Amino acid sequence: MPIQVLLADDHKLLREGLRRILEFDGEIEVVAEAGDGVEAVRLAGVHNPEVVLMDINMPGMNGVEATRAIKAQFPRIAVLVLTIHEDREYLLEVIKAGAAGYVLKDIEPDRLIEAIKLVQAGESVVSPGLTVKLIAELNTGRTHEAHPASDNPLSAREQEVLELMAEGIGNREIAERLFVSEKTVKNHVTSIFRKLDVSDRTQAVVQAVKRKIVGI
């Protein structure tokens, strides 16, 4: 079955272009289009897509607010933000709202398709270079006092895996770097999610930086 996607962007021409790009892949079906955040939330309830491709700047309810509303009402739906904004403030806000990914509109079509497939599979995606901005934002104004050991529930190996995740490295490359199987890495990632009470990689990094389990 193709991955069902809802497009949310206030520019009709852009939506038409995105629809053609995505459906040309053959494994993605655009089930609806929304021109603003309110409509995006409504259509998410009507069509129950697997992924919402969300712009930030839209009239009425913006993409951050719409993401927050969709994740509150339909937590199973993955939201992938597609925007022109490289500001780390926007990045932080949409991740806090529950977005699974944040990519820029200059992304190559094949990379966008790959990002949709990754968030649909439960992964998180952030455009190259923006992960560092995210961590920098979370560290802004923080003291550098070490957290008590009791605040770090991770094992030494899980900590290694998480630090590599914070660099934006995928499971396969993590396995190669640590000389373990990819299945072992997946098991560590699942354990990290459980211990940090999160559901995806980006949230795990956010929590780890907040608790100073990892840093820059």
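Undergrad: Please give an account of the pattern of salt bridges that cites residues and values.
TA: Think of it this way: side chains of opposite charge can pair up when their charged atoms draw near. For the coordinates displayed, the defined rule picks out 12 salt bridges. As a salt-bridge pair, lysine 195 and glutamate 158 come within 2.9 Å of each other at their nearest N and O atoms. Taken together, the positions of lysine 195 in helix α9 (residues 182–196) and glutamate 158 in helix α7 (residues 156–166) put the pair 37 residues apart, joining distant regions of the chain. Lysine 195 sits in the partly exposed class, given a relative accessible area of 29%. Where salt bridges share partners, they join Arg15, Arg19, Glu23 and Glu33 into one cluster.

Undergrad: Which residues make up helix α1 (residues 12–24), and what values go with them?
TA: When the terminal C-alpha atoms of α1 are compared, their 18 Å separation across 13 residues agrees well with the 18 Å that a helix rising 1.5 Å per residue should span. For α1, the complete set of buried residues consists of Arg15, Leu18 and Leu22. Buried residues of α1, seen end-on, are gathered within an arc of 65° and therefore sit on one face of the element. Opposite its buried face, α1 presents the exposed residues Leu13, Arg20 and Phe24, each directed more than 90 degrees away. As for α1, its buried residues are in contact with β1 (3–8), β2 (28–34), β3 (51–54), β4 (78–83) and α5 (109–120). Downstream of α1 by a residue or two, glycine 26 has a phi angle that is positive, lying close to 90°.

Undergrad: Describe the side chain of aspartate 9, and please don't skip the residues or the numbers.
TA: Residue position: aspartate 9 is located in the loop between β1 and α1. Only 2.8 Å separates the side chain of aspartate 9 from the backbone nitrogen of histidine 11, close enough to count as a polar contact. For aspartate 9, the side chain forms a polar contact with the side chain of lysine 105, separated by 3.0 Å. Beyond its immediate chain neighbours, meaning those up to four positions away, aspartate 9 contacts Leu14, Arg15, Ala34, Gly35, Asp55, Met58 and Lys105.

Undergrad: Describe the packing of α7 against helix α8 (residues 171–178), naming the residues involved and giving the relevant values.
TA: One way to put it is that α7 packs onto α8 with a least axis distance of 10 Å and a crossing angle of 130°. Considering the angle they form, α7 stands oblique to α8. The element α7 and its partner α8 pack so that their crossing is right-handed. Between α7, through Arg157, Glu160, Val161, Leu164 and Met165, and α8, the contact on the second element is made entirely by Ile174, Arg177 and Leu178.

Undergrad: Quick rundown of the nonpolar core? Include the residues and the values.
TA: The biggest cluster of nonpolar side chains holds 27 residues, and the ones touching the most others in it are Ala8, Val52, Met54, Ile70, Val81, Val94 and Tyr102. Of all the secondary-structure elements, those providing two or more residues to this core are β1, β2, α2 (37–47), β3, α3 (63–73), β4, α4 (88–97) and β5 (101–104). In contact with isoleucine 70, other than residues within four places in its own chain, are Ala40, Val41, Ala44, Val52, Met54, Pro75, Ile77 and Val79.

Reading guide: rules and limits
Residues numbered from 1 in each chain as written. Predicted model: local features only at pLDDT ≥ 70, side-chain atom pairs only at ≥ 80, totals over all residues. Heavy atoms only, no water. Salt bridge = Lys/Arg side-chain N within 4 Å of Asp/Glu carboxyl O. Helix = DSSP H or I, 4+ residues; strand = E, 2+ residues; numbered from the N terminus. Buried < 20%, exposed > 50% of the residue type's maximum accessible area, 1.4 Å probe, protein only. Expected span 1.5 Å × (residues − 1). Arc of directions from axis to C-beta. Contact = heavy atoms within 4.5 Å. Polar contact = N/O pair within 3.5 Å; in protein donor to acceptor, adjacent residues only side chain to side chain. Axes fitted to C-alpha atoms, helices over the stretch in contact; angles between N-to-C directions. Parallel < 35°, antiparallel > 145°, perpendicular 65-115°, else oblique. Left-handed = near helix turned anticlockwise from the far one by under 90°. Core = buried A, V, L, I, M, F, W, Y, C linked by side-chain atoms within 4.5 Å.

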